[in-house]
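Observations on the three-dimensional arrangement
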Number of protein chains: 2
Amino acid sequence: MDAPLAKRLAVARGDEPADLVIRGGKVLSVFTREWLEADVAIVDGWIAGLGEYEGRETLDAAGRWVVPGFIDAHMHLESSKLLVDEFARLVLPFGTTAVVADPHEIANVLGTDGVHWLLDATANLPLDVYFMASSCVPASQFESPRRELTPGDLDALLRRRRVIGLAEMMNFPGVINGAPSELAKLALAEHVDGHAPAVLGRSLQAYAAAGIRSDHEAYTPDEGRERLRAGMWLLIREGSAARNLQALLPLLAEYGPGRIAFCTDDREPEHIAADGHINSMVRDAVAYGIPPEAALACATLSPALWHGLAHLGAVAPGYHADLLVLPDLESFVPDVVLKRGSPAAEIPEADVPDWVRHTVRIGAFGPEMFRIPWEGGPARVIGIVPGQIVTDSLVDEPLHRAGEALADPERGLAKIAVVERHLGTGRVGLGFVRGFDLQRGAIASTVAHDAHNVVVVGMNDASMAAAVRRLANRGGGIVVVDGAEVLAELPLPVAGLLSDAPLDEVLTASHAVLAAVRELGCTLDSPFQHLAFLALSVIPSLKLTDHGLVDVDKFELVPLEASS
Amino acid sequence: MDAPLAKRLAVARGDEPADLVIRGGKVLSVFTREWLEADVAIVDGWIAGLGEYEGRETLDAAGRWVVPGFIDAHMHLESSKLLVDEFARLVLPFGTTAVVADPHEIANVLGTDGVHWLLDATANLPLDVYFMASSCVPASQFESPRRELTPGDLDALLRRRRVIGLAEMMNFPGVINGAPSELAKLALAEHVDGHAPAVLGRSLQAYAAAGIRSDHEAYTPDEGRERLRAGMWLLIREGSAARNLQALLPLLAEYGPGRIAFCTDDREPEHIAADGHINSMVRDAVAYGIPPEAALACATLSPALWHGLAHLGAVAPGYHADLLVLPDLESFVPDVVLKRGSPAAEIPEADVPDWVRHTVRIGAFGPEMFRIPWEGGPARVIGIVPGQIVTDSLVDEPLHRAGEALADPERGLAKIAVVERHLGTGRVGLGFVRGFDLQRGAIASTVAHDAHNVVVVGMNDASMAAAVRRLANRGGGIVVVDGAEVLAELPLPVAGLLSDAPLDEVLTASHAVLAAVRELGCTLDSPFQHLAFLALSVIPSLKLTDHGLVDVDKFELVPLEASS
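Okay, so let's go over this structure. (Residues numbered from 1 in each chain as written. Chains lettered and ligands numbered in written order. Predicted model: local features only at pLDDT ≥ 70, side-chain atom pairs only at ≥ 80, totals over all residues. Heavy atoms only, no water.)

Turning next to the relation of the copies chain B and chain A. These two copies of the chain differ by a rotation about an axis and a displacement along the same axis. Rotating chain B by 180° about the axis while translating it 0.0 Å along that axis superimposes it on chain A, leaving an RMSD of 0.1 Å. Taken together, the rotation and translation relating the two chain copies correspond to the operation of a two-fold axis. Taking C-alpha positions as reference, the residue of chain B nearest the rotation axis is Gly258(B), located at 3.6 Å. Of all interface residues in chain B, 100% are interface residues in chain A too; the two copies therefore contact each other through one and the same surface. (Least-squares fit on C-alpha atoms with pLDDT ≥ 70 in both. Contact = heavy atoms within 4.5 Å.)

Have a look at this one:
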């Protein structure tokens, strides 16, 4: 028999005292979008009832607002660069009590094993971490993750308890065109997140007809409206780079929160530390003029409904006691955060086994691997578009000397390389990039979407080799070097993606690498964000992987030599 | 690979023609509650896309409205007294394309076998019939169905494809009080329908805390409001006896259709034939002033969401092409009904095996079994409350002669008996009832909630015996006799609950039995509805089962002799 349920019913009836009663607050009913004057009775981590109740403990919420914990409808834990325990310490005070994560980055680096590790590492947090099985590893045939995730891999992942569906189907052209490989993945799950940037009209109808019922890539109200009409949940995203909230709030005003949920997708640790998490979206929506009850629904009931999280997202009997007490309906920074009825206790450090730490494997190498033989003539050049992850496809003639092409600080031309780092194959893609404006030295990162090989941009081969060597020795991270000297670094030894340090250290190191790269002459706002997306072969126009330059518009590898 | 999906995507892209295009209509988006000007492209029974499309066939919907097929959120097929094929023929023209049925009556008569038969009999209808596993057989320990349904039985039923949850938990006192038997049932399913008449306050909190998230028993706006706030879906019922629509429409006006769905629960065939089915609720809601888009949502998307029917309830890509074309937004009688993209073809007759037909088993009996030895003094008398299924608990002194109590037409006192009819045990409960005002003869029925034993009310033992004998010989039904003569009858040979005749014959026979009972002196509007609920031991105040008189308020068997 279900002893905890029997006890919960006894508390609901008033026959036994609750563990805790929250008294005197205005309690949000997410179902009717009203504020109820009621006590909330909590027992064994569950809400037993709303009404008049007695408990062994009482929390006085008079003059304050009681709402469900916030749920992030779609996010990547890896973007926080924090280990999951530190991520939980960071977001819980902002009221986030559950997230639905796509472990896409760890899956590129460590395959299903990495996802299983992340599942285990998040099992006992005072933060519910649900997962969607990463559907697109590799992102394209031009990228080299450690291994491909097959339909069999996904099928196995989907059997785990907290894996609730198939993560964003980024190969939207494949889905729309009925590629057998993508239809085989779709056949595995009923619940599938979408990812369909700028897809409209018949293509969007096809994407929805495939059974994909959400999207977080809408940038305009028209895009959002078309998704809602096609039966897709609109997940409004406010990431660090892609910020869509303001543009899409008119849809929330027009249609209400019934089919709209909030998500962060990718938020940098600096962003969360400075501005908060899902709560910042509620705050901004209310400031825009959305009724607080509707904005709160987008952060609570809506994500729970979309993902079928039946016991989350409401303050009602039979729901988990994941609750916030808010001092006002403007700041949305909670006074109290209860997870399963209790304030978060000390969170133990996540266990990181050796195989998760030692992921940067590069064969013997030196400056010579970055050498570009060149006899003159025009070359393709990746052009940075400040503030965006798309690039321009440029043509310019590099400096050359002694049969070799060189970087040229005067014209802002740097060398770029992507070094395969999972299997130590020695495969290197080489090219040129304009926009970092380095005067000397090199910057490198093992955070390099989506395969997360090493991406390095530099003004000379010695600096580039030193940067890559440093990352190989430290197990990954972000590094700024000048010649043989390491100017600054943010070590990310966990899969080359995550730090194992506390937030403060990560922020300090992060500021240091930014200062160092400025010292080298770079004036971009977020140089490492740009760097991290230069290897992503599915975002236009010209990108570089370990296989070479990719013309994304034509979706083919192209030579460094430009034809004209 | 999923060949039909590949084809659907090709049609959605416009690369292949649709099977059928519905052109020029205003198409309801249930998600945004707007009317879209769009073609609907249909292929292989699915909606491929909305937009501009070409098809091998075209349906001109200019000037008309295209909406999803209606879904009945909670109903009992047995109340229609029709076999499932005839039920489908009746409701499809009214636009009902899916129902969620609780096979509670057939389960009382034929156990899980009966439910399996009904599942098989509904497998190939052009009407989707989903089932909830009947949770309360028997309704109480005072009733004798053929057999009890154990948690094991329910667990097995829940594994069948179209069994989607646990049916209405009618034993609400058991749930609220944490009875282990009921908690064991609740542990079997995540999806559970409620049944909580007049339950309020802490009791309702306990009922909801048990995980029960719907109720169709609200009679007043206050009851409905409390259910919504407690996180329960409000299923607004408009049955033949219990009509709650008008009373609850203010809640739909106030809160919108987000957590509100329509259902019929129990509708007599006369009612459906004369007034329609779910469409009548939409019509009446719109007449009341509910926007058509909201009323339609309660009949389409809302029931689909509550029951998790992911491909029903919307006109959108990736949904089943269950569509109606409406000539106006007043009558809600469709011009066209498409099921999986086609008008319903001829529906074959359901197969009814012998074991489903021969369910009335009564041992040797005669008039003597209705004899009530009596030496004078007051007796408990069931008092009919016209138009309601509750009864009064009365006391009166019956006529008695030669040591035997008799019916008394002058004082409106009739004899009543409930005869166990599943196992032929010979068990009979005896009593008196006031309110039918029969002057002579007897009426009897094998429709007698919930155990569906034979209930017979008569003015003399010979007529009562003749009525019961007739039902035993015909395999069940409703009969009106006078002495040895059968005045009229509605045969219900299928489990003693359903006719195997066409609707017209059922209506004709139904009118005939009503005329015959009027001839015997009865003036009640719906005498057989009253008769059918006199054996239901969970509705106050005084009821009769084959075990004897039940004081429902005290929930115990009581003797016929009244104490005072």
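Here we take up the interface of chain B and chain A. With 48 residues of chain B in contact, the opposing surface of chain A contributes 48 residues. At the boundary of chain B with chain A, total buried surface from both sides reaches about 4100 Å², with 59% on carbon and sulfur atoms. Across the chain B-chain A interface, the total number found is two salt bridges. In this structure, the salt-bridge partner of Glu34(B) is Arg229(A), at a minimum N-O distance of 2.8 Å. Counting the contacts that link chain B with chain A gives 16 residue pairs in polar contact (both at pLDDT 80 or more). Put simply, the parts of the chain that give the side of chain B that touches chain A at least two residues each are α1 (3-13), β3 (34-37), β5 (46-51), α5 (172-176), α6 (180-186), α7 (201-209), α8 (221-229) and α9 (245-255) of chain B. Of all the elements, α1(B) adds the most residues to the side of chain B that touches chain A, at six residues. (Buried area = accessible area lost by both parts, 1.4 Å probe. Salt bridge = Lys/Arg side-chain N within 4 Å of Asp/Glu carboxyl O. Polar contact = N/O pair within 3.5 Å; in protein donor to acceptor, adjacent residues only side chain to side chain. Helix = DSSP H or I, 4+ residues; strand = E, 2+ residues; numbered from the N terminus.)

Let us now look at the pattern of salt bridges. Counted according to the given criterion, the structure contains 70 salt bridges over all chains. With its nearest N and O atoms 3.0 Å apart, the salt bridge here joins Asp85(B) to Arg89(B). Residue Asp85(B) and its partner Arg89(B) are both found in helix α2 (residues 84-91); the two are separated by four residues, about one turn of the helix. Linking Lys415(B) and Asp461(B) is a salt bridge whose minimum nitrogen-to-oxygen distance equals 2.8 Å. Here Asp461(B) lies in helix α15 (residues 461-474) and Lys415(B) lies in strand β22 (residues 413-419), a separation of 46 residues in the sequence. Pair check on accessibility: Lys415(B) and Asp461(B) agree, each one buried. Linked through salt bridges whose partners overlap, the residues forming this network are Asp128(A), Asp322(A), Lys339(A) and Arg340(A). (Buried < 20%, exposed > 50% of the residue type's maximum accessible area, 1.4 Å probe, protein only.)

Attention now moves to the environment of Arg56(A). All names here are of chain A. Within the secondary structure, Arg56 sits in strand β6 (residues 55-60). Residues Arg56 and Pro17, spaced 39 residues apart in sequence, show a C-alpha to C-alpha distance of 6.3 Å. Polar contacts involving the side chain of Arg56 include one to the side chain of Asp19, which spans 3.0 Å.

Before going further, it helps to examine the sheet that holds strand β29 (residues 548-551) of chain B. All names here are of chain B. Spatial strand order, β28-β29-β30: three strands in an open sheet with antiparallel pairing. Whereas interior strands pair on both sides, the edge strands pair on one side only; in this sheet they are β28 (542-545) and β30 (556-558). Along the sheet, successive strands turn relative to each other by an average axial angle of 45°, direction set aside. Two elements, β28 and β29, share four bridges in a ladder whose sense is antiparallel. Opposite Lys543, over in β29, you have Val550 as the bridge partner. (Pairing = 2+ DSSP bridges. Axes fitted to C-alpha atoms, helices over the stretch in contact; angles between N-to-C directions.)

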